[in-house]
Each structure stands twice: as C-alpha cells, then as structure tokens.
Amino acid sequence: MINNNKLKDFTISDSDVNGVFYQAVQEVICSISPLLNSNEIYAKHSILDRLIIPDRIIKFRVNWIDDNQKIQVNTGIRVQFNNALGPYKGGLRFHQSVNEGILKFLGFEQILKNALTGLPIGGAKGGSDFNPKGKSDFEIMKFCSAFMTELHKYIGPRKDVPAGDIGVGTREIGYLFGEYKKITSTYDGVLTGKPHMFGGSFMRPEATGYGVVYFTQKMLELENKDSLKGKICTISGAGNVALHVIEKLLEIGAIPVSCSDSNGTIYDKRGVDLKLLKELKFEKRLSLEGYTLSHPESTFFPAYKYAEDSHAVWDIECYAAFPCATQNELTEVDAQTLITNGCVSVSEGANMPSTPEAISAFLTHNICFAPAKAANAGGVVVSEFEMSQNASMSRWSFEEVDNKLKDIMQKICIEVSQTAKEYGVEGNYVDGANIYGFKKVADAMIAEGI
Ligand code: NDP
C-alpha cells in the first residue's frame, strides 16, 4: 500500500521517519499517486517538497510560576505550515506528550482538512508540553499568559489564528485572549473558541462533534446503509469532541453506549448519561471511574488491564464507532474486533486515531470509513465562522451556524465521495479526501508562484 520509493524522494528528517508526521505524509502520498502520475504540473512545481516542509516552526521557552512560587519551564511551539488558501489556522494542544513531530503531523493534516471546507484558511498547529492535569485555575491562567507573551509576536487576525485542541478549551482560550488583548491593546479576533460573551461563535464547542455526526449521516445515506437511528454506537474519549458526538447521537435517536479517558472505559448499555459525563469531566475535571457510583449497572474497564494494541471500548458490539480521543488509539487488533462484531461504519472524531493497518482492514472489509480530515472538519468550519463574525462585528444565531455547518459537512462528504469515484476508488473516503484537499492547495500554490 505504501510507496516507499516515492517517499525516498522527499526531504523528511531522520527524527520524523518513525513518527506520526511520517505516517500522515505517507498516507497522503499513497492516496494522491494517481493524481501525480497523470499531472506532471505538480512535479514541475515541486509541490510535494514544498507541501511537506512547514513555512516555519517557531519554538520558544515558557517560564511561569506555580502556586508554590516555584519557577516552571515548558516549551511552546507553533508550526505555521501552509497559507496558500488563507491565514494559518489550527489549534493549540497542551499535553505532556506534545513535541515538534506531533505538531507537524497535526499541522500537515490541518492543511488538507481546511482545504476540504472550501473556506479561506491555511494550515497550522501549535501547543506545549505543559500538562494541565491537576493544575489550579490560577496556574492555568499564569501558564496561558506566559505562553501568549511569546506567541503574540507571530499571530494576528489575517496572519495566524489559533484555536483549541486537547487540553485547550474555552477557559484556556479566554486566558490566552485576555493576555493578547493586554499586550497588544487590540480587540482582534485572533483566537477562535472564545467564550460567547466576548466574541466566541455560538456552537463552536459543539461544532466538531456535531459535524462528525452530520458527516456520518450523509456517508451512510450515500453508501445505502441504515441510518444511525436506534443503532448502538461506541465512542472513545470524554473530551470536547466525544461529548458533542454523544450529545448529537442522543438527539437523533441513536444509542451511544461508551466513552473513555486515559484511565479507562465506561460501558453503559442504556445509553451514556450526558449530564453526569459533563459534570465529571467538565465541571469537576475528574476521572470517568466515578460514573459507576451514580450508575452501578454500568461497567468501568481500567485502561491498565489492556494490552497496548487492544482497547476495551472497541470490544463493545456496535453499528457505528467514533474514535474521539487521540492519535493511533484504534489498532489493527481493535479493527478486526469491530469488523467481527458487525460494525458498519467508523468515523474519526480525533485526528488520525486509526493506525494505517486498522484503516487498511476497514477498507478491505468495505466498512464505511470517514477519515478525520473530512469527518472532524466541523470544528475549523465554525472557527472560520467566528473569524467572519469578529471581522464584521456581527453575531449569527445558533440555528444559523448549525444550518451552515450541516450544509458544509454534507458538501464535504459528497465532494469526497465523488472524487473517490472519479479516481476509480469508489467508497474510499481516505483517498477521496486526500486527492480533493491536495488539489485545492496545490493549484493555489501553483497560481501564487514561488
Ligand atoms: P479534550 O482535551 O477535550 O479531550 C481529550 C479526551 O481524550 C479526554 O477524555 C482524554 O482523557 C482522552 N485522551 C487523551 N489522550 C489519551 C490517551 N493517550 N489515551 C486515552 N485517552 C486519551 O480534547 P478534544 O476532545 O478537543 O480533542 C480530541 C481529539 O479530537 C484530538 O485528536 C484533537 O486533535 C481532535 N480534534 C479536536 C477538535 C476540537 O474542536 N476540539 C477539532 C478537530 C479535531 P483525559 O480526560 O483522561 O485526559
């Protein structure tokens, strides 16, 4: 499946060779080979060489003082990958695992994802190895202020507009915005995902999760499969994306029976108690384990009891699966279990949650597979809506944003499906998304010259 000869032609540094960045690039190169082979223009303009090297990577030290008056030091990074289609746009991730390779993978994926939306936004990603877990509100605020003290030099409403990701929600975006405003004496829409009271769009928190469900509904319709109504769905993660996938699934009459965090998985066969989930993970910021105290009929599967390549959440029988936690969380072993259990559809809410082997198994068994860069584009769609509202000093209603979001998610699904058909890989949404997104960015790069 992977064309290693082609890969050798590209300048990927040794440190990336075994990393997630390489994995993401490999998948795209593999998908777009037919396009490259039939169009010399992309080689003539060295588009791939130019696309896989970020425009720039900004790296900085972040000093902050914890509640014990101790100076803490973290690293901050912003990868400004490609702005052929518009200002750099992509989230910030605060997690102890963050490094340059992870942010390059996320930034690279973001370029094509943003292109799929049809909106004028380029691709970027950033973050820090700061671990927000167990930190007080005051410490989070101090870290965010220190992070922005450096980052503000490189961003702007027409230049680079960061948003949230793992570990960066409305609270963190609020603190980051407050610091930017203070340092620059401006009130620019320089971050998206802001609280609604100061410029945030309605529906930004819900957008990624709702968008995943809208995409899945359309994909099932196009592939002549049963709708999600009344069907068992499994979801991993218990963060922003997972929560809103569950919320939308409940609204449309599906039965979401699971969620998970880094400690383990909850299985509640009567359907996840959304109110309790919100209380545990968002209000109290606790482990999911506490769920069983209120629902003794549910089961908690501790993560430490499972081998690295198998996860309790994918052992549960389902019609549709929604991996919404993190990269490479769904392995080949998990994929085989899902297939054996009769799963019909897998939609990626997280970025690249399925390993290449898992994707290959899904495609071989004709599972409807919605890749992240298409399925989870709803977050960046509403982020762009927030940029538009900020620029025109206007406010759109919840219904207006929701309708526009649904419309764009359905369009992405149709265009990806049609592209797959056009290139002889009908039903392969991975290739469809990669070819469609690449063409948009590449054609813009050619038209803009070097
Ligand atoms: P959150 O920080 O809100 O939630 C992440 C969830 O995943 C938490 O429940 C966390 O558990 C769990 N998790 C993280 N790492 C692991 C791990 N190694 N093993 C098991 N569970 C883990 O993040 P989001 O919901 O915002 O993001 C989730 C995914 O969706 C990421 O891949 C992100 O890049 C992607 N995404 C997010 C968008 C958004 O709008 N937020 C937009 C597009 C993509 P715990 O609580 O224990 O930390």
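The structure contained in this document is the topic of the report that follows. Just so it is clear, the structure is predicted and the values come from calculations on it, not from any experiment. (Residues numbered from 1 in each chain as written. Predicted model: local features only at pLDDT ≥ 70, side-chain atom pairs only at ≥ 80, totals over all residues. Heavy atoms only, no water.)

Attention shifts here to helix α14 (residues 356-364). When we look at burial in α14, the residues that qualify are A358, I359, A361 and F362. Along the long axis of α14, the arc covered by the buried residues comes to 160°, so they all point the same way. Considering only its buried residues, α14 is in contact with α3 (20-38), α13 (332-340), β12 (345-347), β13 (368-370) and α18 (429-448). Count one or two residues on from α14 and you reach N366, which has phi positive near 55°. (Buried < 20%, exposed > 50% of the residue type's maximum accessible area, 1.4 Å probe, protein only. Helix = DSSP H or I, 4+ residues; strand = E, 2+ residues; numbered from the N terminus. Arc of directions from axis to C-beta. Contact = heavy atoms within 4.5 Å.)

The next subject is the nonpolar core. Core analysis: the largest hydrophobic core is formed by 61 residues, its most contacted members being F215, L228, L249 and F322. Residue contributions to this core peak at eight residues, all from helix α9 (residues 204-222). Both domain 1 (56-187) and domain 2 (206-366) contribute no fewer than three residues apiece to this core. Apart from the residues within four sequence positions on either side, F322 is in contact with V212, T216, L228, C233, T234, I235, S236, V245, L249, W314 and S347. Listed in part, the 35 residues of the second largest apolar core include V20, V98, L106 and A444. (Core = buried A, V, L, I, M, F, W, Y, C linked by side-chain atoms within 4.5 Å. Domains from an automatic or database assignment.)

Taken together, 23 residues form the shell around the ligand, and within it K133, D165, T208, S262 and N351 come nearest. At 2.9 Å from an oxygen atom of the ligand is found a main-chain nitrogen or oxygen belonging to N240. Protein contacts shield 81% of the accessible area of the ligand, which totals 900 Å² for the unbound molecule. Every element with two or more residues in the shell around the ligand is listed here: α9, α10 (240-251) and β8 (258-261). Considered class by class, the residues forming the shell around the ligand number six nonpolar, 11 polar and six charged. The residue makeup of the shell around the ligand includes at least three contributed by each of domain 1 (56-187) and domain 2 (206-366). (Near = heavy atom within 4 Å. Polar contact = N/O pair within 3.5 Å; in protein donor to acceptor, adjacent residues only side chain to side chain. Areas by Shrake-Rupley, 256 points an atom, 1.4 Å probe, with all protein chains shown as cover. Nonpolar A, V, L, I, M, F, W, Y, C, P; charged D, E, K, R; others polar.)

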